[in-house]
Amino acid sequence: MGSLFKDFFDQGKNRDSSGEVIYTNDPLESSGKQKMRAEISGRVQGVGFRFSTKQSAVELGVKGIVRNEPDGTVYVEAVGEQDQLNRFIEALRKGPSPAAEVEKVVVTYDQNIEEKSNFSQAN
């Protein structure tokens, strides 16, 4: 990624956000990889959120998918070790894109999520 884009997206990494994280359940009992889905609301479409979410996931070694939903939210499925997912959830809360304004991240651990071979961006 060119330095212009890197500088732009790096702006979002250290900023504070008032985004709230809501956990609907506890992590899965297994000590290995965790599987989760998240619904992110706020100003998260049309601001580079999916692209920067994918960049964060790749940096952290998280596998999964991110996509826009018709209701204006962004949907994420992610698989990784708990510490990786904790850092990923924090990135989602802050809004990986500096143009995003995250209001809420609703996280659900779900053992039925299919494990992907990488992290992809849909639609």
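The rules we used
For every chain, the first residue of the written sequence is number 1, and numbering continues from 1 along that sequence. Only residues with pLDDT of 70 or above have their local features reported here, since the model is predicted, and side-chain atom pairs are shown and tallied only from 80 upward, although totals for entire chains, interfaces and linings are computed over all residues. Hydrogens and water are ignored here; the side-chain numbers use all heavy atoms of the structure. Should a side-chain nitrogen of Lys or Arg be within 4 Å of a carboxyl oxygen of Asp or Glu, the pair is scored as a salt bridge. Counting from the N terminus, the helices are the DSSP runs of H or I reaching at least four residues and the strands are the DSSP runs of E reaching at least two. Residue exposure (1.4 Å probe, protein chains only): buried if accessible area is under 20% of the type maximum, exposed if over 50%, otherwise partly exposed. Remark: nonpolar core denotes a set of buried residues (Ala, Val, Leu, Ile, Met, Phe, Trp, Tyr, Cys) joined through side-chain atoms within 4.5 Å. Two residues form a contact once any of their heavy atoms are found within 4.5 Å. For two strands to be treated as a pair, DSSP must find at least two bridges joining them. Each axis is a line fitted through C-alpha atoms, and for a helix only the stretch in contact is used; angles between axes span 0 to 180 degrees, taken between their N-to-C directions.

Some points on the pattern of salt bridges
- For the structure on display, the rule yields five salt bridges.
- Close ionic contact of Glu77 with Lys116 constitutes a salt bridge, the shortest N to O distance being 3.8 Å. In this pair, Glu77 sits in strand S4 (residues 74-80) while Lys116 sits in the loop between strand S5 (101-109) and strand S6 (119-121), placing the two residues 39 residues apart along the sequence.
- With relative accessibility at 15%, the residue Glu77 sits in the buried group.
- For Arg93, the salt bridge is made with Glu90, and the minimal N-O distance between the two is 2.6 Å. With Arg93 and Glu90 both in helix H3 (residues 82-94), this residue pair falls three residues apart, about one helical turn.
- Arg93 gets classed as buried once you look at its relative accessible area, which sits at 16%.

Side note on the nonpolar core
- Counting residues in each nonpolar core, the largest one holds 22 residues, and the members touching the most others are Met36, Ala38, Ile40, Phe49, Val76, Phe88 and Leu92.
- Residues within four places of Phe49 in sequence aside, it is in contact with Ile40, Val44, Val74, Leu92, Gly95, Pro96, Ser97, Ala100 and Val102.

A short note on the sheet that holds S5
- Taken together, the six strands give an open sheet; going across it, the order is S1-S5-S2-S4-S3-S6, and neighbouring strands pair in mixed fashion. Both outer strands of the open sheet, strand S1 (20-23) and S6, are each paired with one neighbouring strand and no more. Across this sheet, the average inter-strand angle for adjacent strands is 15°, counted without regard to direction.
- As defined by bridge partners, strand S2 (residues 34-43) adjoins S4 across seven bridges and the pair is classed as antiparallel. Of the residues in S4, the one forming a bridge with Gln34 is Gly80.
- Each of S2, strand S3 (63-68), S4, S5 and S6 touches helix H2 (residues 49-60); the most contacted strand, S6, lies at about 170° to it.
- Along the sheet face, H3 touches S1, S2, S4, S5 and S6 and points at about 150° away from the line of S5.

Honestly, it's all geometry; don't read function into it.
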